[in-house]
Amino acid sequence: MTKISIALVSVLLVLTGMACAQGASQSAAAAAPPQEAAAPANAFNRLLPPPALRNLPPAEDGIHDPASPGTPLLQAPLAAFGPLPKANAGNRINWVSAANNGNIRPRWNAKDPKAQAEVLDLNIVRAVKGTMPDVVFAHNTHTELLDCADCHPALFKTQKGANKMSMAAIMLGDSCGACHGRVAFPVSECRLCHSKAKTMVGATGSQ
Ligand code: HEC
Ligand code: HEC
Ligand code: HEC
């Protein structure tokens, strides 16, 4: 009796296993968009889009509604990005150089084309514990593109050292991460923020 029931159970298991495998392969085939299957994977991280799938035209980017009559009127990013200086991450454009070279002229005020940015030349150095280089926050590059009120006082109190900052907060989208990883270069570019080498007192020859 027990032998028979064990045999039955194992036959059932084999059958359900087959059914599951079949179902899974069917739904995977139905779910995978054809272009993704054809495109090579990202060699650095397979969860990131491979180069061929970056900055797709609006109708294919998964953000804009392809059925909307307005979508095809939008300029495709790659057509717009062509002459701009390149970067290694984010949408692959170095926007700070683009502004400095005059490739782009961000309009300061939607209604007044002559309005000028209020640029502040003030670097804030944040000492970092451990071996990572210290963080330099440059007001000038930020205030060429942003208003003081984008950061002060809601995001950062207007006083050096008055704000708590950490990588954890940044990766959760707070502090510098309110923009970096969203509309500005992502957290993967450590050295752009951690740019000030430490003077390693006693690091060599102390024995
Ligand atoms: C992109 C964000 C951002 C923008 C935009 C910005 N700031 Fe700041 N500001 C900071 C950060 C970060 C600090 C340092 C806070 C800290 O160390 O806790 C700071 C600090 C300051 C300080 C304190 C300096 C000190 O020595 O105590 C002043 C003053 C200041 N900002 C003025 C301005 C003015 C004026 C503008 C607009 C022209 C402006 N900021 C735009 C992020 C910004
Ligand atoms: C957008 C700017 C930015 C980028 C990009 C960035 N950091 Fe940071 N990092 C900061 C700031 C700001 C702090 C806090 C400094 C302080 O304590 O005042 C910090 C702090 C740290 C600390 C100290 C401990 C902690 O968690 O606060 C470590 C370690 C660190 N970063 C490593 C990294 C590494 C590794 C990368 C790249 C994977 C990276 N950071 C990328 C801005 C950045
Ligand atoms: C309100 C939005 C905003 C916040 C907050 C912000 N940034 Fe930025 N940051 C930008 C933009 C926009 C750029 C230019 C676009 C780009 O480089 O991707 C930029 C560029 C930079 C650059 C490159 C500048 C250069 O000279 O090449 C550094 C470094 C940087 N940010 C560090 C920081 C650090 C550190 C913090 C936090 C203390 C911070 N940012 C907070 C928006 C922001």
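Residues numbered from 1 in each chain as written. Chains lettered and ligands numbered in written order. Predicted model: local features only at pLDDT ≥ 70, side-chain atom pairs only at ≥ 80, totals over all residues.

Ligand 3 sits among 23 residues. The nearest are Thr-141, Cys-176, Cys-179, Ala-184 and Phe-185. Put simply, the parts of the chain that give the shell around ligand 3 at least two residues each are helix H4 (95–100), strand S2 (135–138), helix H5 (139–145), helix H6 (148–151) and helix H8 (190–193). Of the residues in the shell around ligand 3, the class split is 17 nonpolar, five polar and one charged. (Near = placed C-beta within 6 Å. Helix = DSSP H or I, 4+ residues; strand = E, 2+ residues; numbered from the N terminus. Nonpolar A, V, L, I, M, F, W, Y, C, P; charged D, E, K, R; others polar.)

Before going further, it helps to spend a moment on the site of ligand 2. In the vicinity of ligand 2 there are 20 residues, among which Arg-126, Ser-166, Met-167, Cys-190 and Cys-193 approach most closely. Of all elements in the fold, only helix H7 (167–171) and H8 reach the threshold of two or more residues within the shell around ligand 2. Residue composition of the shell around ligand 2, by class: twelve nonpolar, five polar and three charged.

Turning our eyes to something else, we now look at the environment of Ala-117. Relative to the helices and strands, Ala-117 is located in the loop between H4 and strand S1 (123–126). C-alpha of Ala-117 to C-alpha of Arg-107: the two residues are ten residues apart in sequence and 8.9 Å apart in space. Residues in contact with Ala-117, not counting those within four places in the same chain, are Trp-108, Thr-143 and Glu-144. (Contact = placed C-beta atoms within 7 Å.)

Cis geometry marks the peptide bond from His-152 to Pro-153, where omega comes out at -5°. Structurally, Pro-153 is set in the loop between H6 and H7. Phi is positive for Asn-55, which is not a glycine, with a value near 50°. Along the polypeptide, Asn-55 turns up in the loop between helix H2 (34–38) and helix H3 (77–81). Phi at Ser-175 is positive, roughly 55°, even though this residue is not glycine. Among the secondary structure elements, Ser-175 is positioned in the loop between H7 and H8.

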